[in-house]
Number of protein chains: 2
Amino acid sequence: MITEQPTFKALADPTRREILRQLSETDMTIAQVSDNFDMTRAAVKKHLTVLNDGGLITVRTRGRERVNALNPEGFAPVRDWLNFFEQFWDDRLTDLKSAIEKDHSDD
Amino acid sequence: MITEQPTFKALADPTRREILRQLSETDMTIAQVSDNFDMTRAAVKKHLTVLNDGGLITVRTRGRERVNALNPEGFAPVRDWLNFFEQFWDDRLTDLKSAIEKDHSDD
DNA sequence: TTGACGCGATACCTTTTGGTTTCATATATA
DNA sequence: TATATATGAAACCAAAAGGTATCGCGTCAA
C-alpha cells in the first residue's frame, strides 16, 4: 500500500511548497535552490530530502551536481485524497437532488 | 489573501486526516470522535482545533455538545494548489506537442 | 438543587522539526 | 597534482508538535 503520509508531511512546510513552485519553472541544483532562500544550503538540502521522501521530486546526478526536478507522479496521493472528498460531496448533492425530486413526486 | 498554510499544516497529521474521513460519513461530537481513537479527549480536541483553524471543519453548538462537520469550502486551497501544478503539466504537454508538430513541418 | 455529563483550557512532558556549524568526500579545472 | 567547487552527513540547538493529567465551567436531568 502506498502511504500518503510522507507526501502530506512534505507539503506541510511553506518553504518546501515554495521550492516546488520554483521547480515548476525550471530544474535546479541544490546550490541554485539555496540562492533563492535566506537559509543555509544544509537546511535547503534537508527540505529537498523531505520532498524526495514524499516522492514529489526526483534527483539526477550531473557530474558533481545534483539536479532536482518535479515528479508529477508524486502528486497522485494528494489528487486521490482530494477526489475522495469531492466524490463524497457529489454524492451528497445527488442525494439532495433525489430527495427533492421525490418530494415533488409526492405533490 | 487566503493563506493556505493552516490548511496544509492541518493535513500533515494522519490522525487529522482520519478524523476528516470519519466526518465524511457523519457529523460527530468531540466525545464521539474520541471514541474512535486511542488517545485522550484532550488530544482529539487539539486535533479538531487545528482542523478548524485550517477551515476544514465547522463546529456548531448543540446544548452542551459541540458537533463537528466537514467544511467543503476549506478544501479549496488544496484544490487550487493542485490545479496550479496540473496546469503546469498540461502546458508542458502542449509545448511538447507543438514542438513535435513543428519538427514534422520541417521534414 | 444537586450531581453527572460534555467540553474548554492550562500546565507539563517528550519527541520531532527546522535551523545552524562543521567536516568529509567526490568531481572539475588550472 | 593541487585547488576550488558541489554536495553529503553528523552533531547540536531552540522551538513547535503531539501527547498527558487536571481543573473549571456551562448544561441536562433526577
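Here the structure is shown first, and the text comes after it.
In this report, we go over the structure that sits alongside the text. (Residues numbered from 1 in each chain as written. Chains lettered and ligands numbered in written order. Predicted model: local features only at pLDDT ≥ 70, side-chain atom pairs only at ≥ 80, totals over all residues.)

**Regarding the overall build of chain A**
Link 1 in the chain: On a plain count of helices and strands, chain A comes out with five helices and three strands.
Link 2 in the chain: What you see in chain A, going N to C, is helices and strands ordered as α-α-β-α-α-β-β-α.
Link 3 in the chain: Against the compact-globule benchmark of 13 Å for 107 residues, chain A has a radius of gyration of 21 Å, which places it well outside the compact range.
Link 4 in the chain: Its C-alpha atoms put chain A at 75 × 30 × 20 Å along the principal axes. (Helix = DSSP H or I, 4+ residues; strand = E, 2+ residues; numbered from the N terminus. Rg over C-alpha atoms; globule rule 2.2 N^0.38 Å.)

**Some details on the sheet that holds strand 3 (residues 65-70) of chain B**
Residues and elements named next belong to chain B.
Link 1 in the chain: Here we have three strands laid out as an open sheet, ordered 1-3-2, and antiparallel in their pairing. The open sheet has two free edges, formed respectively by strand 1 (28-29) and strand 2 (57-62), since each of these has just one partner strand.
Link 2 in the chain: Where strand 1 and strand 3 come together, two bridges link them in antiparallel fashion. Bridge pairing links methionine 28 to asparagine 68 in strand 3. (Pairing = 2+ DSSP bridges.)

**Observations regarding the protein's contact with DNA strand D**
Link 1 in the chain: Looking at DNA strand D, there are 21 residues lining it, with Thr29 and Ala31 of chain A together with Thr40, Ala43 and Gly63 of chain B nearest.
Link 2 in the chain: Residue assignment for the surface near DNA strand D shows that the elements contributing at least two residues are helix 3 (30-35), helix 4 (41-53) and strand 3 (65-70) of chain A together with helix 4 (41-53) of chain B.
Link 3 in the chain: Examining the composition of the surface near DNA strand D, we find that four residues originate from one element, helix 4 of chain B, more than from any other.
Link 4 in the chain: For the surface near DNA strand D, the class distribution of residues is seven nonpolar, five polar and nine charged. (Near = placed C-beta within 6 Å. Nonpolar A, V, L, I, M, F, W, Y, C, P; charged D, E, K, R; others polar.)

**Quick word on the packing of helix 5 (residues 76-105) of chain A against helix 5 (residues 76-105) of chain B**
Link 1 in the chain: Where helix 5 of chain A meets helix 5 of chain B, the closest approach of the two axes is 11 Å, and the angle between their N-to-C directions is 140°. Here helix 5 of chain A lies oblique to helix 5 of chain B, going by the angle between them. Both helix 5 of chain A and helix 5 of chain B take part in a crossing whose hand is left-handed. Residues Val78, Arg79 and Leu82 of chain A of helix 5 of chain A form the contact with helix 5 of chain B, whose participating residues are Val78, Arg79 and Leu82 of chain B.
Link 2 in the chain: The residue inventory of the contact of helix 5 of chain A with helix 5 of chain B, partitioned by class, reads four nonpolar, no polar and two charged. (Axes fitted to C-alpha atoms, helices over the stretch in contact; angles between N-to-C directions. Parallel < 35°, antiparallel > 145°, perpendicular 65-115°, else oblique. Left-handed = near helix turned anticlockwise from the far one by under 90°. Contact = placed C-beta atoms within 7 Å.)

**Digging into the protein's contact with DNA strand C**
Link 1 in the chain: If you check the shell around DNA strand C, you find 21 residues, and the closest are Thr40, Ala43 and Gly63 of chain A together with Thr29 and Ala31 of chain B.
Link 2 in the chain: For the surface near DNA strand C, the elements supplying multiple residues, two or more each, are helix 4 of chain A together with helix 3 (30-35), helix 4 and strand 3 of chain B.
Link 3 in the chain: Per-element accounting of the surface near DNA strand C gives the leading share, five residues, to helix 4 of chain A.
Link 4 in the chain: A per-class count over the surface near DNA strand C returns eight nonpolar, five polar and eight charged.

**Digging into the pairing of strand 3 of chain B**
Residues and elements named next belong to chain B.
Link 1 in the chain: Where strand 2 and strand 3 come together, six bridges link them in antiparallel fashion. Within strand 3, the position partnered with isoleucine 57 by the bridge is leucine 70.
Link 2 in the chain: Adjacent in sequence and paired antiparallel, strand 2 and strand 3 are bridged by two residues, among which glycine 63 carries a positive phi angle near 65°.

**A short note on the relation of the copies chain B and chain A**
Link 1 in the chain: The two copies are related by a screw operation: chain B maps onto chain A through 180° of rotation and 0.0 Å of translation along the axis, at an RMSD of 0.1 Å. What the rotation and shift describe, once combined, is the action of a two-fold rotation axis. For chain B, the smallest separation between a C-alpha atom and the rotation axis is recorded for alanine 12 of chain B, amounting to 2.9 Å.
Link 2 in the chain: A shared binding surface is used by both copies, with 100% of the interface residues of chain B retained as interface residues in chain A. (Least-squares fit on C-alpha atoms with pLDDT ≥ 70 in both.)

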